[in-house]
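Residues per chain are reported as follows:
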Amino acid sequence: MKSVRVIPCLDVDQGRVVKGVNFVGLRDAGDPVELAARYDADGADEVVFLDITASSDDRETIVELARKVAEEVYIPFTIGGGVRSVDDARRLLRAGADKVSVNSAAVAHPSLVAELADAFGSQCVVVAIDAKSNGNKTWNVYVNGGRNDTALDVVDWAGEIANLGAGEILLTSMDGDGTRNGYDLDLTQAVVNAVQIPVIASGGVGELAHLVSGAVDGGADAVLAASIFHFGKHTVREAKEALLAAGVTVRPPTE
Amino acid sequence: MSCEEFPLREGNDAPLIAILDYGIGNLRSAQKGFERVGAEVHLTSDAGLIAEASGVVLPGVGHFGSCMRELRAAKLDEVAYSVIEAGVPFLGICVGMQMLFEGSEEAPGTRGLGVLPGRVRLLPNSLPRPQMQWNRLDIRLQGSPLLDGIEDGSWVYFVHSYAAETEPHLVAATCEYGVEVTAMVEQGTLWATQFHPEKSGEVGRSFAHNFYREASVL
């Protein structure tokens, strides 16, 4: 039985949670550890932290965050952003993270995906793909927070990283991100159909119906959202109730 | 079983859980998983300390072949044999479960510990692989002390591409993932889970509590 995971995502800058609209105009939504513990209590299946801190001097901050989260949270959590090497990943995993997510560094050095899988196992290697539409149902891979077009085709790249040993794909539509208009379902479906590994849909959730369509129409294995949870518009419990009502199998919300 | 058979170390009131540290994976989670139920937990490769433990946990993530290689390099295979032989409560988790079997399709040339009969096989490709999700436990063995207070159908967290095939009487719980997957086995005081109790929220807490209780009693 496949069950769909509901994953709140916390963008973290210098240890604080923020969520931008199209990556501009960030707002502060609180303490990441507290938020994660609340999501855990609320029935979240996993939590993802994306470190968007610009400066690389702050790597210790995110390792410290992993340590604090591991003290409070008993569901799996992923840390991404700024992971450039096996050593970066090792520090986060040793601090208590269950998975690390790589993005730009994997594009620059695809062998990093294989090195991480060899060192720690595929189960803790998430590759994040930031995708932007070219029209005609093709998408390019973007890096550096969506600023640079790599000219790589998203579906090809998804297949390549799956072969290299990625355990999961975190697929974000740059067109949708921050718009609250819903996932790019064609994109989600294209990648789900191309790989055997699980795919997390991300980017654009503004209402609960978007989570449902990500699972039902997009075929995603997990649905990720940020702002609808942080600002109290909806709870994880409501997200799960909406999915259950639509006939999607999920771990039911906790009592 | 009685207290006489496995007396606690003199002057040591708090039963000790030893998590075998052979350089693989995120052991911090496993440690926290037992600390949260009040256990004193040591991540260790020290044979002397492990011999004094009231309960021993064999974690494992990643590749079966690398895990077996590292376990043997740390000489913890022999330590595992001796504590299992002595009847010390022992829990294998994930690849730590798989290593207890005779071998795995993931590393056909590598022998497992072979303390449980059967082999580990690749999951079918009808569903996403790895299985990386919460799934429901179908409890097959009534009265397992580690499932005390855990209801049939409880949700636990899995992340794996391979699963053990073993003798039905050893299977304490399964989950359904395209095929029937061995989720937990029990053979005396030897237990193993394909799922991650340390990542399974409140159900995981009950499970860890039960193992700690068994370690404290025996």
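Residues numbered from 1 in each chain as written. Chains lettered and ligands numbered in written order. Predicted model: local features only at pLDDT ≥ 70, side-chain atom pairs only at ≥ 80, totals over all residues. Heavy atoms only, no water.

(A) Structural detail: the overall build of chain B. Along chain B, the regular secondary structure elements total six helices and 13 strands. Across its three principal directions, the C-alpha atoms of chain B cover 55 × 40 × 30 Å. Here the analysis covers contacts within chain B between residues at least 6 apart in sequence; of these, 71% occur between residues at least 24 apart. Here chain B displays about 8,300 Å² of accessible surface, and carbon together with sulfur accounts for 48% of that area. Side-chain charges of chain B comprise 16 positive and 28 negative groups, with the mean position of each set lying 7 Å from the other. (Helix = DSSP H or I, 4+ residues; strand = E, 2+ residues; numbered from the N terminus. Contact = heavy atoms within 4.5 Å. Areas by Shrake-Rupley, 256 points an atom, 1.4 Å probe, with all protein chains shown as cover. Lys, Arg positive; Asp, Glu negative; His and termini not counted. Charge placed at Lys NZ, Arg CZ, Asp CG, Glu CD.)

(B) Quick look at the overall build of chain A. For chain A, the count of helices and strands is ten helices and twelve strands. For chain A, whose C-alpha radius of gyration is 16 Å, the value lies close to the compact-globule estimate of 18 Å for 255 residues. A principal-axis box enclosing the C-alpha atoms of chain A has dimensions of 45 × 45 × 40 Å. Counting only residues that meet the buried cut, chain A has 59% of its 255 residues in that class. For chain A, restricting intrachain contacts to residue pairs at least 6 apart in sequence, the fraction spanning at least 24 positions comes to 65%. For chain A, the accessible area works out to roughly 9,500 Å², and carbon and sulfur atoms hold 46% of it. Side chains of chain A carry 22 positive and 37 negative charges; the gap between the two charge centres is 2 Å. (Rg over C-alpha atoms; globule rule 2.2 N^0.38 Å. Buried < 20%, exposed > 50% of the residue type's maximum accessible area, 1.4 Å probe, protein only.)

(C) Main features of the sheet that holds strand S1 (residues 16-20) of chain B. Residues and elements named next belong to chain B. A sheet is described by the order of its strands in space; here eight strands give the open sequence S2-S1-S3-S4-S13-S12-S11-S8, paired in mixed fashion. Strands with a single pairing partner mark the edges of an open sheet, and in this sheet they are strand S2 (40-44) and strand S8 (138-139). Here strand S12 (residues 179-187) runs beside strand S13 (residues 190-193); their pairing, made up of four bridges, is antiparallel. Bridge assignment links Val185 to a residue of S13, and that residue is Ala192. (Pairing = 2+ DSSP bridges.)

(D) Looking closely at helix H3 (residues 64-73) of chain B. Residues and elements named next belong to chain B. Considered for burial, the residues of H3 that qualify are Phe64, Gly65, Ser66, Cys67, Met68 and Leu71. In this fold, the buried residues of H3 make contact with strand S3 (55-58), helix H4 (76-85), helix H5 (95-98) and strand S5 (103-104). Of the residues flanking the end of H3, it is Lys75, one or two places downstream, whose phi is positive at about 60°.

(E) Local environment of the pattern of salt bridges. Evaluation of the coordinates by the stated rule reveals 24 salt bridges over all chains. Salt bridges here are not isolated pairs; linked through shared partners, they connect Arg5(A), Glu46(A), Lys99(A) and Glu168(A). (Salt bridge = Lys/Arg side-chain N within 4 Å of Asp/Glu carboxyl O.)

(F) Local environment of the nonpolar core. Residues Phe49(A), Ile169(A) and Leu211(A) are the most contacted members of the largest nonpolar core, which totals 82 residues. Core analysis: the second largest hydrophobic core is formed by 72 residues, Val83(B), Val95(B), Ala163(B) and Phe207(B) among them. (Core = buried A, V, L, I, M, F, W, Y, C linked by side-chain atoms within 4.5 Å.)

(G) How the structure looks around the interface of chain A and chain B. Counting residues at the interface gives 33 residues for chain A and 27 residues for chain B. Overall, the association of chain A and chain B removes approximately 2,600 Å² of surface from exposure, summing both partners, and the carbon and sulfur fraction of that is 55%. Of all residues in chain A, Met1(A), Tyr74(A) and Gln196(A) give up the largest surface area on contact with chain B, accounting jointly for 33% of the area buried on that side. The closest approach of N and O atoms between Lys32(B) and Glu71(A), which form a salt bridge, is 3.2 Å. One can count 16 residue pairs in polar contact (both at pLDDT 80 or more) joining chain A with chain B. For the side of chain A that touches chain B, the secondary structure elements donating two or more residues are helix H2 (59-72) and helix H3 (86-95) of chain A. (Buried area = accessible area lost by both parts, 1.4 Å probe. Polar contact = N/O pair within 3.5 Å; in protein donor to acceptor, adjacent residues only side chain to side chain.)

(H) Summary view of the side chain of Ser173(A). Residue and element names in this part refer to chain A. Tracing the backbone shows Ser173 in strand S10 (residues 168-173). Note on Ser173: relative accessible area 2%, which makes it buried. A polar side-chain atom of Ser173 sits 2.9 Å from the main-chain amide nitrogen of Gly176. In contact with Ser173, other than residues within four places in its own chain, are Ala131, Asp184, Leu187, Ser202 and Gly203.

(I) Highlighting the sheet that holds strand S10 (residues 162-165) of chain B. All names here are of chain B. Read from one edge to the other, the open sheet built from three strands follows the order S5-S6-S10, with strand pairing classed as mixed. Bordering the open sheet on either side are S5 and S10, each of which pairs with just one other strand. Inspection of the sheet shows S5 paired to strand S6 (residues 119-122) by two bridges, in the parallel sense. Considered in S6, the bridge of Ser104 is made with Val120.

(J) How the structure looks around the confidence of the model for chain A. With 93% of its residues at a pLDDT of 70 or more, chain A shows a mean pLDDT of 90. Here residues 20-28 of chain A is modelled with pLDDT under 50, and outside its nearest four sequence neighbours on either side it reaches 23 contacts, counting other chains as well. (pLDDT = per-residue confidence, 0-100.)

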